[in-house]
Protein chains: 2
Amino acid sequence: MTTASDEPAADPKMSRLLKLAQKFNCFYLNGFMKGDCRPFVVDGHQVGLVSQNVIEQLLKHPEVFHIRAPEHGKQNIVELNPAFRDYSTRSQQVDRILREFREQGMFVALKGWRDECYDVKSSADSLLKMDRSATCLFGVRNYGVEINGYVRHPTKGLCIWLQQRSDTKQTWPGKWDNMVSGGLAVGYGVLETAIKEAAEEASIPGHLIKNLVSAGCVSFFFESERGLFPNTEFVYDLELPEDFVPDNSDGEVQNFQLLPAHECLERVFMPDFKTTSCPVVIDFLIRHGIITPENESNFTQVIELLHVPLQSLYTYRTPNNGAAANNATVAATTNAPDLISSNKNSIENGKL
Amino acid sequence: MTTASDEPAADPKMSRLLKLAQKFNCFYLNGFMKGDCRPFVVDGHQVGLVSQNVIEQLLKHPEVFHIRAPEHGKQNIVELNPAFRDYSTRSQQVDRILREFREQGMFVALKGWRDECYDVKSSADSLLKMDRSATCLFGVRNYGVEINGYVRHPTKGLCIWLQQRSDTKQTWPGKWDNMVSGGLAVGYGVLETAIKEAAEEASIPGHLIKNLVSAGCVSFFFESERGLFPNTEFVYDLELPEDFVPDNSDGEVQNFQLLPAHECLERVFMPDFKTTSCPVVIDFLIRHGIITPENESNFTQVIELLHVPLQSLYTYRTPNNGAAANNATVAATTNAPDLISSNKNSIENGKL
């Protein structure tokens with residue numbers, strides 16, 4: 001029977017897998033509620049969340065970033081100057097400020113400047129592009145691809161290829177990671193990115209990459225000292241022959257290792273595994289019957305934390321956004337109205 | 001570029017798969033927000049949601065069901081008499097009232113009385129059991145298992161076995177459904193239920209059932225004229241040889257059919273497919289590379305709606321629940337604090 005002391009925060013029954021799922025969702029579970037971050041709005045649509053230390057710097061550029069109070073709210077929002085009417089103007093204006101920040105050594109995230117852009121999108125359209133190192137400063141949704149390379153070994157059973165990141169990588173140097181992964185840069189499709197990264201990171205030849213199988217996506221919301229990471233990773237599985245060994249061709253990988261599935265599960269709990277790559281490994285181990293309702297006490301909770309409702313977190317709309325102006329500070333979206341309600345109430349209560 | 005008219009509710013770009021995912025989440029997306037349903041609380045923990053027409057009848061049994069206002073809220077909650085201190089007493093008391101309702105022909109749901117019970121649980125413990133036909137009256141979370149039986153056909157490619165439910169079944173008679181499915185009754189484990197149902201519904205022999213692979217779970221929140229269905233289905237895949245044909249042995253199935261994957265996808269859009277079985281088929285087609293980011297424009301949204309955060313919807317706690325009494329009308333849970341905030345604000349604003 002239940003007792004009054006079973007408060008989940010200190011639940012002794014919580015599995016280590018659930019604890020790990022909470023770790024890569026640290027912002028979703030903790031930061032979002034604190035209310036320190038403000039909606040980042042472009043063309044009337046919330047596309048991100050900005051923390052106070054970033055807002056302090058944006059305030060110095062009022063020609064680009066407006067800090068304004070919503071009609072019925074008590075707290076500010078950060079808005080890209082609505083006078084910038086198109087993709088190109090918005091991209092150039094933001095890029096200019098980001099390069100200033102970078103020269104001033106302002107943010108640790110910008111030390112990893114990539115000269116490769118991510119799209120910043122509303123639910124329907126691309127609104128601007130931004131260097132991929134900077135999206136975490138604005139809490140903009142990130143999309144990437146990850147490939148689970150696996151072998152059905154005759155004696156060891158299901159085995160998974162992991163890569164060890166190069167010590168010279170700007171993010172997570174030296175950490176263990178999935179066999180192949182990469183961000184979705186402007187102008188590249190999802191499958192296209194997967195095939196490109198498979199060639200660059202692991203030299204997967206054409207006759208093997210044709211076995212690539214799309215297997216869904218994972219979504220989570222992580223926070224680090226660099227910023228906010230509302231990430232969605234498109235997941236692919238690739239069965240490989242026993243005698244194939246991945247070989248890096250772009251200098252971003254220092255090692256590959258083939259691990260039996262159960263050893264792979266142990267590896268994700270190690271501090272030398274890239275935290276934000278854990279969701280894809282866990283999802284693979286769940287889909288392939290290694291993690292099951294029988295051996296994982298928090299099975300359904302873990303699966304929920306592999307698919308957090310990211311698009312439902314960014315529901316703020318400015319009242320002057322055309323047709324929605326009359327009755328909607330927060331417009332209806334297609335799903336998770338509870339979260340819409342949450343945001344709306346939080347904004348009105350001055351929490352968000 | 002985005003325009004002011006892209007309100008998602010009338011989004012012409014919305015795929016038919018997203019529309020279907022919204023259909024089997026009709027309560028999650030619409031009903032939950034209306035605020036007509038009240039928390040159902042047992043031993044201080046919210047375990048369900050009760051609609052007004054059910055509350056009207058529960059009011060006639062004040063010795064079992066208390067309607068009470070939460071300390072800081074403006075609306076009622078429905079509480080099982082806290083004097084019932086153990087599983088057995090609670091189960092007997094509720095069962096007695098449900099049988100009265102049934103004799104009076106009170107609810108259409110109870111016409112399907114099964115003499116088979118589901119557990120009603122807090123996050124940690126079983127609090128009582130209830131006939132499975134009645135859980136939808138209380139919006140209690142339902143757990144089931146479903147098995148995707150599939151064949152890698154030499155010429156037709158990936159094919160999936162579907163069953164047509166018997167015309168005499170109490171729920172969804174004559175509708176198309178997954179090969180094998182069953183609810184998690186009191187006293188049965190997840191894998192155990194899958195194996196039992198595979199034998200009863202499709203006569204899967206032992207040498208084939210040993211290939212059963214656990215593949216995750218789907219969660220959604222549906223509403224019908226019978227009541228509320230916050231369902232979590234544990235999903236299994238079973239590869240079958242080309243020459244095996246399922247054969248029903250319990251009279252609950254009138255037909256089995258093997259469909260190529262793309263025909264199976266078409267079938268879920270038909271009105272003669274059981275709505276609440278669509279999520280498992282869609283999840284299977286996503287995991288096996290049939291539905292991909294390339295051919296499904298709302299890929300990430302659909303996957304989100306296959307994994308809605310059900311446990312985050314039931315966060316109400318009574319203030320006198322022991323250790324949590326001092327500061328928590330709504331206690332912290334392990335995830336989705338935004339939804340907790342939503343519930344809390346909704347209750348305090350008199351919406352829920």
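Keep in mind it's a predicted model, so treat the numbers as computed, not measured. (Residues numbered from 1 in each chain as written. Chains lettered and ligands numbered in written order. Predicted model: local features only at pLDDT ≥ 70, side-chain atom pairs only at ≥ 80, totals over all residues. Heavy atoms only, no water.)

A. Focus on the overall build of chain A. When its secondary structure is counted, chain A shows ten helices and 13 strands. In chain A, which comprises 352 residues, the share counted as buried stands at 63%. Long-range contacts, defined as pairs at least 24 residues apart, comprise 66% of the intrachain contacts of chain A with a sequence gap of at least 6. For chain A, the accessible surface area stands at approximately 13400 Å², while carbon and sulfur atoms represent 48% of it. (Helix = DSSP H or I, 4+ residues; strand = E, 2+ residues; numbered from the N terminus. Buried < 20%, exposed > 50% of the residue type's maximum accessible area, 1.4 Å probe, protein only. Contact = heavy atoms within 4.5 Å. Areas by Shrake-Rupley, 256 points an atom, 1.4 Å probe, with all protein chains shown as cover.)

B. Seen up close, helix H2 (residues 26-34) of chain B. Of the positions making up H2 of chain B, those classed as buried are Phe27, Tyr28, Leu29, Gly31 and Phe32 of chain B. Following H2 of chain B by one or two positions, glycine 35 of chain B adopts a phi angle in the positive range, close to 80°.

C. Quick look at the domain arrangement of chain A. Residues and elements named next belong to chain A. Per the domain assignment, the segments making up chain A are domain 1 (35-140) and domain 2 (141-310). Placing a centre on the C-alpha atoms of domain 1 and another on those of domain 2 gives a separation of 29 Å. Taken together, the contact between domain 1 and domain 2 spans 21 residues of the former and 14 residues of the latter. Summing the contributions of domain 1 and of domain 2, the shared interface buries around 1400 Å²; its carbon and sulfur component is 55%. When residues of domain 1 are sorted by the area they lose upon contact with domain 2, Tyr118, Cys136 and Val140 head the list and together hold 35% of the total. Linking domain 1 with domain 2 are zero salt bridges. Along the contact surface separating domain 1 from domain 2 lie four residue pairs in polar contact (both at pLDDT 80 or more). Looking at the side of domain 1 that touches domain 2, the elements with two or more residues in it are strand S2 (45-50) and strand S5 (117-121). Ranked by residue count, the leading element in the side of domain 1 that touches domain 2 is S5, at three residues. A breakdown of the residues in the side of domain 1 that touches domain 2 according to their chemical character gives twelve nonpolar, three polar and six charged. (Domains from an automatic or database assignment. Buried area = accessible area lost by both parts, 1.4 Å probe. Salt bridge = Lys/Arg side-chain N within 4 Å of Asp/Glu carboxyl O. Polar contact = N/O pair within 3.5 Å; in protein donor to acceptor, adjacent residues only side chain to side chain. Nonpolar A, V, L, I, M, F, W, Y, C, P; charged D, E, K, R; others polar.)

D. Representation of the packing of helix H7 (residues 261-268) of chain A against helix H8 (residues 278-287) of chain A. All names here are of chain A. Taken N-terminus to C-terminus, the directions of H7 and H8 make an angle of 150°; their axes are 10 Å apart at the nearest point. With respect to their mutual orientation, H7 and H8 come out roughly antiparallel. Classified by chirality, the crossing of H8 by H7 is left-handed. Residues Ala261, Cys264, Leu265 and Val268 of H7 form the contact with H8, whose participating residues are Cys278, Val281 and Leu285. Residues belonging to the contact of H7 with H8 are distributed by class as follows: seven nonpolar, no polar and no charged. (Axes fitted to C-alpha atoms, helices over the stretch in contact; angles between N-to-C directions. Parallel < 35°, antiparallel > 145°, perpendicular 65-115°, else oblique. Left-handed = near helix turned anticlockwise from the far one by under 90°.)

E. Representation of the state of the cysteines. Summed over the entire model, instances satisfying the criterion amount to zero disulfides over all chains. Summary of cysteine pairing: cysteine 278 of chain A is not part of a disulfide, and the nearest cysteine sulfur, belonging to cysteine 264 of chain A, is at 9.7 Å. Left without a disulfide partner, cysteine 26 of chain B is nearest to the cysteine sulfur of cysteine 37 of chain B, which lies 12 Å away. (Disulfide = S-S within 2.5 Å.)

F. Inspection of the pairing of S5 of chain A at higher detail. Residue and element names in this part refer to chain A. Pairing of S5 with strand S6 (residues 126-131), which is carried by five bridges, proceeds in the antiparallel orientation. Looking at S6, one finds that tyrosine 118 is bridged to methionine 130. Counting the residues between successive antiparallel strands, the hairpin from S5 to S6 contains four residues. (Pairing = 2+ DSSP bridges.)

G. Structural context of the UniProt feature "domain: Nudix hydrolase" (unreviewed entry) in chain A. Within the UniProt annotation, "domain: Nudix hydrolase" (unreviewed entry) is assigned to residues 142-283 of chain A. Split by type, residues 142-283 of chain A is 22% helix and 43% strand. Its first and last C-alpha atoms lie 18 Å apart. (UniProt positions renumbered as here; feature names shortened; annotations may be inferred.)

H. Region of interest: the environment of glycine 227 of chain A. Residues and elements named next belong to chain A. Summarising the element assignment, glycine 227 is placed in strand S12 (residues 227-239). Taking the C-alpha atoms as reference points, glycine 227 and phenylalanine 138, separated by 89 residues in sequence, lie 8.0 Å from one another. With near-sequence residues (within four places) excluded, glycine 227 lies in contact with Cys136 and Phe222.

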